[in-house]
Amino acid sequence: MEFKNGFEFLMAIKNGKIKSPAAMAQTIPMRIIDVQPGHIKYAVTPDERHLNLQGLIHGGFCATVLDTATGGAVHTTVENGVSFATLDLNVKMIRPLQKYKTYIAIGDVINTGRNILTSEARIVDESDKVYAFGSATLMITNRS
């Protein structure tokens, strides 16, 4: 299946037309629930695989979710064949996530330059209470 841009590609994943090629989806259970140009939402549910030694959800779980949401938001704005990589990810965790509770990760584009892209994301609960937030700087690595 050929796509014109990242938005079409992510919509196809959301609508179940194709399976996500991201192997990370096996480790961090995330499901796209909304895609718009410059914006994406994932449902994410941590489980016992994501616990640290103290029995809490590991901070790396939040970082990975925020990296995915910031990258997903950017992905909605690029043409097919454009790839990018995270240069910087700034993460702030406000309160601990609970295992088996579903959260929403929301990513939004801040700016899309020719080579540098910026975005932000947050992890919220059903009441829109923020559990973690972050921002990312990404760089275009290839245009084919």
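Residues numbered from 1 in each chain as written. Predicted model: local features only at pLDDT ≥ 70, side-chain atom pairs only at ≥ 80, totals over all residues. Heavy atoms only, no water.

Undergrad: Outline the overall build of the protein chain, listing residues and values.
TA: Counting its secondary structure elements, the protein chain contains three helices and six strands. Taking 15 Å as the expected radius of gyration for a compact globule of 144 residues, we find that the protein chain reaches 15 Å, a close match to that expectation. C-alpha atoms of the protein chain, sized along the principal axes, occupy 45 × 30 × 25 Å. Only carbon and sulfur atoms are counted for the fraction: they give 51% of the accessible area of the protein chain, which is about 7,900 Å². Here the protein chain holds 15 positive side-chain charges and 13 negative ones, and the gap between their average locations is 2 Å. (Helix = DSSP H or I, 4+ residues; strand = E, 2+ residues; numbered from the N terminus. Rg over C-alpha atoms; globule rule 2.2 N^0.38 Å. Areas by Shrake-Rupley, 256 points an atom, 1.4 Å probe, with all protein chains shown as cover. Lys, Arg positive; Asp, Glu negative; His and termini not counted. Charge placed at Lys NZ, Arg CZ, Asp CG, Glu CD.)

Undergrad: Tell me about the UniProt feature "domain: Thioesterase" (unreviewed entry) in the protein chain, and please be specific about residues and values.
TA: In the numbering adopted here, UniProt assigns the feature "domain: Thioesterase" (unreviewed entry) to residues 54-130. Secondary structure across residues 54-130 comprises 22% helix and 42% strand; the distance between its end C-alpha atoms is 22 Å. (UniProt positions renumbered as here; feature names shortened; annotations may be inferred.)

Undergrad: Give me the packing of aromatic side chains: which residues, what numbers.
TA: Evaluated as defined, the whole model comprises two aromatic pairs. Against the face of tyrosine 131 rests arginine 95, its NZ or CZ located 5.7 Å from the ring centre. (Phe/Tyr/Trp six-rings, centres within 6.5 Å; stacked < 30°, edge-to-face > 60°. Lys NZ or Arg CZ within 6 Å of the ring centre and 35° of its normal.)

Undergrad: Could you give me a rundown of unusual backbone geometry, with the residues and numbers involved?
TA: One non-glycine residue, tyrosine 100, lies in the positive phi region at around 70 degrees. Turning to its location among the elements, tyrosine 100 is positioned in the loop between strand E3 (82-93) and strand E4 (103-112). On the basis of relative accessibility, which here comes to 52%, the residue tyrosine 100 falls in the exposed class. Even without being a glycine, aspartate 128 presents a positive backbone phi close to 70 degrees. One can find aspartate 128 in the loop between strand E5 (116-124) and strand E6 (130-143). (Buried < 20%, exposed > 50% of the residue type's maximum accessible area, 1.4 Å probe, protein only.)

Undergrad: Help me get a handle on the pattern of salt bridges, residues and values and all.
TA: For side chains of opposite charge, pairing can occur when their charged atoms come near one another. For the structure shown, the criterion picks out four salt bridges. Notably, a salt bridge pairs glutamate 8 with lysine 4, separated by 3.8 Å at the nearest N-O pair. A salt bridge links arginine 49 to aspartate 47, with the nearest nitrogen and oxygen atoms 2.9 Å apart. (Salt bridge = Lys/Arg side-chain N within 4 Å of Asp/Glu carboxyl O.)

Undergrad: Summarise a nonpolar patch on the surface; cite the residues concerned and give the values.
TA: Taken together, the side chains of Leu87, Ile116 and Met139 make up a nonpolar region of the molecular surface, amounting to roughly 250 Å² of accessible area. Tracing the sequence through the fold places leucine 87 in strand E3. (Patch = residues over 30% accessible without salt bridge, like charges linked within 9 Å, V, L, I, M, F, W, Y side chains within 5 Å.)

Undergrad: I'd like to hear about the pairing of E6, residue by residue, with values.
TA: Pairing analysis gives 11 bridges linking E3 to E6, with the strands arranged antiparallel. Note on E6: the bridge partner recorded for asparagine 90 is serine 135. Bridge count for E5 against E6 is nine bridges, and the pairing is antiparallel. From the neighbouring strand, isoleucine 116 faces E6, where its bridge partner is methionine 139. Once E5 ends, the chain turns through five residues before running back antiparallel as E6, passing aspartate 128 with a positive phi of about 70 degrees. (Pairing = 2+ DSSP bridges.)

Undergrad: Quick one: what's the story with the sheet that holds strand E2 (residues 39-44), residue by residue and with numbers?
TA: Here six strands make up an open sheet; going across it, the order is E1-E2-E4-E5-E6-E3 and the pairing antiparallel. Because the sheet does not close on itself, it has two edges, and the strands there are strand E1 (30-36) and E3. Going from strand to strand, the sheet's axes swing by 20 degrees on average, the running direction of each strand aside. Bridge analysis of E2 against E4 gives six bridges, and the strand direction is antiparallel. Note that in E4 the partner of valine 44 across the bridge is tyrosine 103. Each of E1 and E2 is contacted by helix H1 (residues 6-14), which is oriented at about 135 degrees to E1, the strand it contacts most. Sitting on the sheet, helix H3 (residues 59-75) is in contact with E1, E2, E3, E4, E5 and E6, with an inclination near 140 degrees to E3. (Axes fitted to C-alpha atoms, helices over the stretch in contact; angles between N-to-C directions. Contact = heavy atoms within 4.5 Å.)

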